[in-house]
Amino acid sequence: MLPLKAPVSDAKVLTGRQRPLTEVAMLFAEIASAGGHHGIGFSYSKRAGGHGLYAHAKEIAGNLLGEDPNDIARLWDKLVWAGASVGRSGLATQAIAAFDVALWDMKAKRAGLPLAKLLGARRDSVRCYNTSGGFLSTPTAQLVANCEASIDAGLGGLKIKVGQPDPMLDLARMEAVRRAVDGRVPLMVDANQQWDRPTAERVGRALEAFNLVWIEEPLDAYDVEGHARLAAQLVTPIASGEMLTSVAEHKALIDNDAVDFIQPDAPRVGGITQFLKIATLAEQKYLRMAPHFAMEIHLHLAAAYAHETWVEHFDWLDPLFNEQLDIRDGRMIVSNRPGLGITLSEQARAWTVDSSEHGKRP
């Protein structure tokens, strides 16, 4: 369990749908082959579900024993069908994601390449923006100070949480940020699914004055029709997808022109294998991409995407890894370390609450 330095709240908390976030449950998979190769992958859950992810992963892990780790797509199918009675999306695929990411990490390490290079990188760095300083639990004065700190740290954009019951409070906070930032970096907002359609249209039009990169999750994540209408009505681009847990759900957004930015989350959709399917669909529509969270994974995937991308910078996971990602001039740099380029820290192992081992060590 990864504890946060302080509880954070977005619009879901202010509308009474969730409690403040205090910790993130991390599921790690460490895989070793008979040939002595190693891979590490992870998935995660916020607020609830972590124990469920671990239980499902523990139950299906044995299906990998004796298999060729290069057959990643076939192994993904094998794992999802092993637990198909509980579905092929949601918790089941999020548990599979840790194994899938670990297999891709191993494959890239065997090739001696960063994962981005293995996938056919199109760029060596990706634009990055900060979210963790813009939560609604942050007072406005501290929000402005956090924005300055992010700019000083070299981050290339700032995302501010909105979606309060009174939209005028959101607009006042945005105005304070705009005055302080004064055009030095682009701005985005995230309503975390808390507006209804009329509110999203009304507030969305008011936000057009801020020249935002996007408005994120203005509506319920599964309201494809509402997002499509909003995308057609507003000047500001619409972004969504982070809460979806399958390729099919993302395909619905893409096919219906419901977003300008697609925001898949590899751990939530089942790992890199499924993420790449979404990327192919999005590329055909010339959509821009901004993967959600998990920058240690998404930096590599964004670097290989056909069109220019954004990666979300969170410092929450920093204590878990011995390596830190390099940020310069508003961009996150793909390192030359093989695979994902990360190893688990002693702190990560100290926070571990349960573990399970399958098979024999090589």
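What counts, and at which threshold
Residues numbered from 1 in each chain as written. Predicted model: local features only at pLDDT ≥ 70, side-chain atom pairs only at ≥ 80, totals over all residues. Heavy atoms only, no water. Phe/Tyr/Trp six-rings, centres within 6.5 Å; stacked < 30°, edge-to-face > 60°. Helix = DSSP H or I, 4+ residues; strand = E, 2+ residues; numbered from the N terminus. Lys NZ or Arg CZ within 6 Å of the ring centre and 35° of its normal. Pairing = 2+ DSSP bridges. Contact = heavy atoms within 4.5 Å. Polar contact = N/O pair within 3.5 Å; in protein donor to acceptor, adjacent residues only side chain to side chain. Salt bridge = Lys/Arg side-chain N within 4 Å of Asp/Glu carboxyl O. Core = buried A, V, L, I, M, F, W, Y, C linked by side-chain atoms within 4.5 Å. Buried < 20%, exposed > 50% of the residue type's maximum accessible area, 1.4 Å probe, protein only. Right-handed = clockwise from strand over helix to strand, strands pointing away. Axes fitted to C-alpha atoms, helices over the stretch in contact; angles between N-to-C directions. Parallel < 35°, antiparallel > 145°, perpendicular 65-115°, else oblique. Left-handed = near helix turned anticlockwise from the far one by under 90°. Nonpolar A, V, L, I, M, F, W, Y, C, P; charged D, E, K, R; others polar.

Enquirer: Looking at this model, I keep getting lost on the packing of aromatic side chains. Mind explaining?
Expert: According to the stated counting rule, one finds 11 aromatic pairs in the structure shown. Seen in terms of ring centroids, tyrosine 129 and tryptophan 214 are 5.2 Å apart; in terms of plane orientation they differ by 85°. Their pairing is edge-to-face. Here tyrosine 129, found in strand S4 (residues 125–130), pairs with tryptophan 214, found in the loop between helix H8 (197–207) and strand S7 (215–216); they are 85 residues apart in sequence, far enough to count as distant. Grouped by ring-pair contacts, the aromatic residues Tyr44, Phe135, Phe293, Phe314 and Trp316 constitute a single cluster. A cation over a ring is seen here: lysine 46 above phenylalanine 314, with NZ or CZ 5.8 Å from the ring centre. Lying across the ring of tryptophan 104, lysine 107 places its NZ or CZ 5.8 Å from the centre.

Enquirer: How do you make sense of the pairing of strand S2 (residues 21–32) when you look at a structure like this?
Expert: Remark: a regular strand shows side chains that alternate across the two faces of the sheet. As judged from the three bridges shared by strand S1 (residues 2–8) and S2, these two strands associate in the antiparallel manner. Paired with proline 3 across the bridge in S2 is glutamate 23. Sheet topology places S2 next to strand S3 (residues 38–46); nine bridges connect them, and they run antiparallel. Note on S3: the bridge partner recorded for alanine 29 is glycine 41. Linking S2 to S3, which pair antiparallel, is a turn of five residues; within it glycine 36 sits at a positive phi near 90°.

Enquirer: What is the right way to look at the environment of arginine 127 in this model?
Expert: With respect to the helices and strands, the residue arginine 127 is situated in strand S4. Between the C-alpha atom of arginine 127 and that of glycine 330, which follows or precedes it by 203 residues, the distance is 5.9 Å. For arginine 127, the contacting residues outside a window of four places in its chain are Glu308, Thr309, Trp310, Val311, Gly330 and Arg331. A polar contact is formed between the side chain of arginine 127 and the backbone oxygen of threonine 309, at a distance of 3.5 Å.

Enquirer: Looking at this model, I keep getting lost on the pattern of salt bridges. Mind explaining?
Expert: Tallying each qualifying case throughout the model produces 22 salt bridges. With a closest N to O distance of 2.9 Å, lysine 161 and aspartate 190 form a salt bridge. Residue lysine 161 is found in strand S5 (residues 158–161), and its partner aspartate 190 is found in strand S6 (residues 187–190); the two are separated by 29 residues along the sequence. Beyond isolated ion pairs, a larger network of salt bridges with shared partners links Lys159, Lys161, Asp190, Glu216 and Glu312.

Enquirer: How should the nonpolar core be read in this particular structure?
Expert: What tends to happen in soluble globular proteins is that the nonpolar side chains get buried as a cluster. By size, the foremost hydrophobic cluster in this structure holds 67 residues, and its most contacted members are Met26, Phe42, Phe99, Ile262, Ile297, Trp316 and Leu317. Excluding anything up to four places from it in sequence, phenylalanine 99 contacts Ala29, Ile31, Ala57, Ile60, Ala61, Leu64 and Leu79.

Enquirer: Can you help me understand the pairing of S5 in this one?
Expert: The side-chain alternation of S5 yields two buried faces, one formed by Leu158 and Ile160 and the other by Lys159 and Lys161. Examined bridge by bridge, S5 and S6 share four bridges and lie parallel to one another. When the sheet's bridge partners are listed, isoleucine 160 is paired in S6 with valine 189. Viewed along the sheet, the connection from S5 through helix H7 (residues 167–181) into S6 turns out right-handed.

Enquirer: Teacher, can you tell me more about the packing of H8 against helix H9 (residues 224–233) here?
Expert: How two helices pack is summed up by the angle between their axes together with the distance between the axes. It is at 11 Å that the axes of H8 and H9 come closest, and there the two elements cross at 25°. On the basis of the axis angle, H8 is roughly parallel to H9. For the pair H8 and H9, the sense of crossing is right-handed. On H9, the residues touching Arg197, Ala200, Glu201 and Arg205 of H8 are Glu225, Gly226, Arg229, Leu230 and Gln233. Split by residue class, the contact of H8 with H9 holds two nonpolar, two polar and five charged.

Enquirer: Mind showing me how you'd approach the sheet that holds S1 here?
Expert: Across a sheet, strands are paired by hydrogen bonds formed along the backbone, either parallel or antiparallel in direction. Read across the sheet, three strands follow the order S1-S2-S3 without closing on themselves; strand pairing throughout is antiparallel. Looking at the sheet topology across the chains shown, the edges are occupied by S1 and S3. Strand-to-strand twist of the sheet, defined as the mean angle between neighbouring strand axes without regard to direction, takes the value 25°. Across the sheet, helix H4 (residues 91–111) is in contact with S2 and S3; its angle to S3 comes to roughly 150°.

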